[in-house]
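Observations on chain architecture
Each chain, written out:
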Amino acid sequence: MSTTRPLSRTLLKVCGATAPQDIEAAAAAGADCVGLWHGVPGGPSELDPDGSAALAAAARSAGLLPVLVTFLSDACALAHLVRRTGAGWVQLHAYQPPALVRALRAELPPEVGIVKVLHVQEDGGCVERPLIGAYDRAGTDLFLLDTATGDGRIGSTGHTLDPARLTALLPRLTRPFLLAGGLTPHNRPAYEDVVHHHGFRGIDVDTAARDHTTGRFGVPEIAALARAWRTHAPAPAAVPVPAAVLVPAPATVPAAAHPHLEPSR
């Protein structure tokens, strides 16, 4: 039987941490989750397993949920990596099939969330559209809507998604979702319909979370995102969502500062 509880606020995930100061900035500015890249060929924020484990530990100590962001498609290897790093979620950011989600769900503890990215193209097409139901049945906990550029790039491209194209895709979604794709404090009003959708849970940002001089996460930049996307945002609806999609509130952080989702499986 499904049980539900509304989120207390919009989730803010910042993606691509590579050093302890990124973790410190994300925590100081009020982020909830931090993305750690591994298995992203040529990715500018790529970490080895030891680096991922060290930053995941630092994130948890700072009250952040570490998210393993990967293009890898071997369920056993991914499960081993999740256990080694202590990631709370694994984000499948490439074109991994539903079969991988099913195999990974069988390998992982139930408290580890599986996030599947859906790649929205500039013309509104989405390669995974016909498979959304299959991803749900396979064990996906949360979808993430992100840009696929015209030249085939995916992941932290800084390219925005057309809000009208997104609105057309939303009725197909069978799980809660995060929004990504060139989000800034300034373009929040353009996504009003998306933010008010009952499945919206928060945002995932890389480019706009960074200080343009240093390239590292910046406290003012992340704080500006938090203000813009949490201000006047509706309280998320109490719809069934999985226990695995949980942002724990550590003892050093007031529980009200972290959103919680309840089980559906």
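Everything below is about the structure printed above this text.
A brief structural summary. All values derive from a computational prediction rather than experimental measurement. Numbering of residues starts from 1 in each chain and follows the order in which that chain's sequence is written. Given that the model is predicted, a residue must reach a pLDDT of at least 70 before its local features are reported, and side-chain atom pairs must reach 80 or more before they are shown or counted; all residues, however, enter totals for whole chains, interfaces and linings. With hydrogens and water set aside, each side-chain value is computed from the structure's full complement of heavy atoms.

**Focus: the environment of A99**
- For helices the rule is a DSSP run of H or I covering at least 4 residues; for strands it is a run of E covering at least 2, with both sets numbered from the N terminus onward. Among the structural elements, A99 can be located in helix 4 (residues 98-107).
- We call a residue buried when its accessible area falls under 20% of the maximum for its residue type, exposed when it is over 50%, and partly exposed in between, using a 1.4 Å probe and counting protein chains only. Under the relative-accessibility criterion, A99 is labelled exposed at 55%.
- For the pair formed by A99 and A75, sequence separation is 24 residues and the distance between their alpha carbons is 9.5 Å.

**Some details on the packing of aromatic side chains**
- Centre distance within 6.5 Å is the pairing criterion for rings of Phe, Tyr and Trp, where only the six-membered ring of Trp is used; planes under 30 degrees apart are then read as stacked, over 60 as edge-to-face, and the remainder as tilted. All chains considered together, the criterion is met by two aromatic pairs.
- Centre to centre, the rings of F177 and F200 are 6.0 Å apart; their planes meet at 65°, and the pair counts as edge-to-face. Here F177 is found in strand 7 (residues 177-179), whereas its partner F200 is found in strand 8 (residues 200-205), with 23 residues between them in sequence. There is no split in this pair, since F177 and F200 are both buried.
- For the ring pair Y191 and W229, a centre distance of 6.0 Å and an interplane angle of 40° mean the geometry is tilted.

**So, the pattern of salt bridges**
- When a carboxyl oxygen of Asp or Glu is within 4 Å of a side-chain nitrogen of Lys or Arg, the pair counts as a salt bridge. This structure, assessed with the given rule, holds nine salt bridges.
- Taking the shortest distance from any N to any O, the salt bridge between R175 and D136 comes out at 3.0 Å. Here R175 is found in the loop between helix 6 (163-169) and strand 7, whereas its partner D136 is found in helix 5 (residues 132-138), with 39 residues between them in sequence.
- Overall, the relative accessible area of 18% leaves D136 in the buried class.

**Things to note about the packing of helix 2 (residues 49-61) against helix 3 (residues 75-85)**
- In this analysis an axis means a line fitted to C-alpha atoms, helices contributing only their contacting stretch, and an angle means the value between N-to-C directions, from 0 to 180 degrees. Running from N to C, helix 2 and helix 3 point in directions that differ by 45°, and their axes come no closer than 8 Å. With respect to helix 3, the axis of helix 2 lies oblique. Between helix 2 and helix 3, the residues in contact are P49, D50, S52, A53 and A56 and L81, R84 and T85, respectively.
- Residue composition of the contact of helix 2 with helix 3, by class: four nonpolar, two polar and two charged. Working definition: roughly parallel below 35 degrees, roughly antiparallel above 145 degrees, roughly perpendicular at 65 to 115 degrees, and oblique for all remaining angles. Contacts are assigned to residue pairs that have any heavy atoms within 4.5 Å of one another. Each residue receives one of three labels: charged for Asp, Glu, Lys and Arg, nonpolar for Ala, Val, Leu, Ile, Met, Phe, Trp, Tyr, Cys and Pro, and polar for the others, Gly being one of them.

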